[in-house]
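Topology and contacts: notes
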Amino acid sequence: MTVENPAALRFIIDEDLYLLKGDKTIVQAPSNPIAIGFPPPIGGEPFESVAPEPGFKYLGSNNKKFLIMVHYADKEFIDDAHLTALQNILKRMELYMDDVALLNLAAHDNITLEAVTGYFKPEKLLLMGQKALPHDMKAPALNQPKQLGNCLALYSFSFDEMMGSNENKRVFWDLVKTL
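Since the model is a prediction, treat every value here as computed from it, not as a measurement.

This brings us to the overall build of the chain. Each helix and strand counted, the chain has five helices and six strands in total. Along its sequence from the N terminus, the chain presents helices and strands in the succession α-β-β-α-β-α-β-β-β-α-α. Sequence-distant contacts, at least 24 apart, represent 67% of the contacts inside the chain between residues at least 6 apart. Carbon and sulfur atoms make up 51% of the accessible area of the chain, which amounts to about 11800 Å² in all.

Strands sit in the order S1-S3-S2-S4-S6-S5 across an open sheet of six strands; the sheet is mixed. The open sheet terminates on both sides in strands that have one partner only, identified here as strand S1 (58–60) and strand S5 (146–148). With direction set aside, neighbouring strand axes in the sheet form an average angle of 25 degrees. The pairing of strand S4 (residues 124–128) with strand S6 (residues 151–156) spans five bridges and is parallel. Bridging from a neighbouring strand, Met128 pairs with Ser156 of S6.

Quick look at helix H2 (residues 80–92) now. Spanning 13 residues, H2 covers 19 Å between terminal C-alpha atoms, matching the ideal 18 Å at 1.5 Å per step. Listed as buried for H2 are His82, Leu83, Ala85, Leu86, Ile89 and Leu90. Buried residues in H2, looked at end-on, bunch into an arc of 160 degrees, giving them a common side. Exposed and oriented more than 90 degrees from the buried face of H2 are Asp80, Lys91 and Arg92. If you follow the buried residues of H2, they end up packed against S1, strand S2 (66–70), strand S3 (100–104), helix H4 (159–163) and helix H5 (166–176). Where H2 starts, the residue carrying a side-chain oxygen 3.1 Å from the main-chain nitrogen of Ala81 turns out to be Asp79.

Looking now at the pairing of S4. Each regular strand displays side chains that alternate between the two surfaces of the sheet. With four of its five residues buried, S4 lies for the most part within the structure. Bridge count for S2 against S4 is four bridges, and the pairing is parallel. Bridged to Met69 within S4 is Leu127.

Time to look at the nonpolar core. Core analysis: the largest hydrophobic core is formed by 27 residues, its most contacted members being Ile68, Leu126, Phe159 and Val176. Mapped onto this core, the elements with two or more residues apiece are S2, H2, S3, S4, H4 and H5. Beyond its immediate stretch of four places on either side in the chain, Val176 contacts Ile89, Met93, Leu126 and Leu154. Grouped together as the second largest cluster of nonpolar side chains are 19 residues, Met69, Ala101, Ile111 and Val116 included.

Calculation rules
- Residues numbered from 1 in each chain as written.
- Predicted model: local features only at pLDDT ≥ 70, side-chain atom pairs only at ≥ 80, totals over all residues.
- Heavy atoms only, no water.
- Helix = DSSP H or I, 4+ residues; strand = E, 2+ residues; numbered from the N terminus.
- Contact = heavy atoms within 4.5 Å.
- Areas by Shrake-Rupley, 256 points an atom, 1.4 Å probe, with all protein chains shown as cover.
- Pairing = 2+ DSSP bridges.
- Axes fitted to C-alpha atoms, helices over the stretch in contact; angles between N-to-C directions.
- Expected span 1.5 Å × (residues − 1).
- Buried < 20%, exposed > 50% of the residue type's maximum accessible area, 1.4 Å probe, protein only.
- Arc of directions from axis to C-beta.
- Polar contact = N/O pair within 3.5 Å; in protein donor to acceptor, adjacent residues only side chain to side chain.
- Core = buried A, V, L, I, M, F, W, Y, C linked by side-chain atoms within 4.5 Å.

Written as structure tokens, this is what we have:
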């Protein structure tokens, strides 16, 4: 017998089945179990379809719940020279790329602040430049840390705005080290 949907095995085999860690990415629950012939759960109610959370492609591991949002239309994450500068800034703060999540907003059109904060659950948020703001967020006061719920947020200069100005670099550094 050939079973095309592994989720159907529970109706054929009485024994418990265990998936290995690598198998879990292959086998996923069906999005609409009723449509593929699964009976409704006890009580006769059909399964609810839950919309998946938005997936974000980001750099880092977000270990310290520190989200950095940038905007680079022509890069996957960030310009190489700017990444080096960011890594140096983080090092001076005793942080590493695994401690933060770097999200390039150019890759996520029309994303909301609620979706971003719901996914990353940041305790610290650094918004680098006007274009790094989610479309539904009003620009906070520039270079003035602000509490947003459980998150300390700082809206500051983009790297392009800082690279040509020592004054902008100084202001940025004085503020970002307080996060």
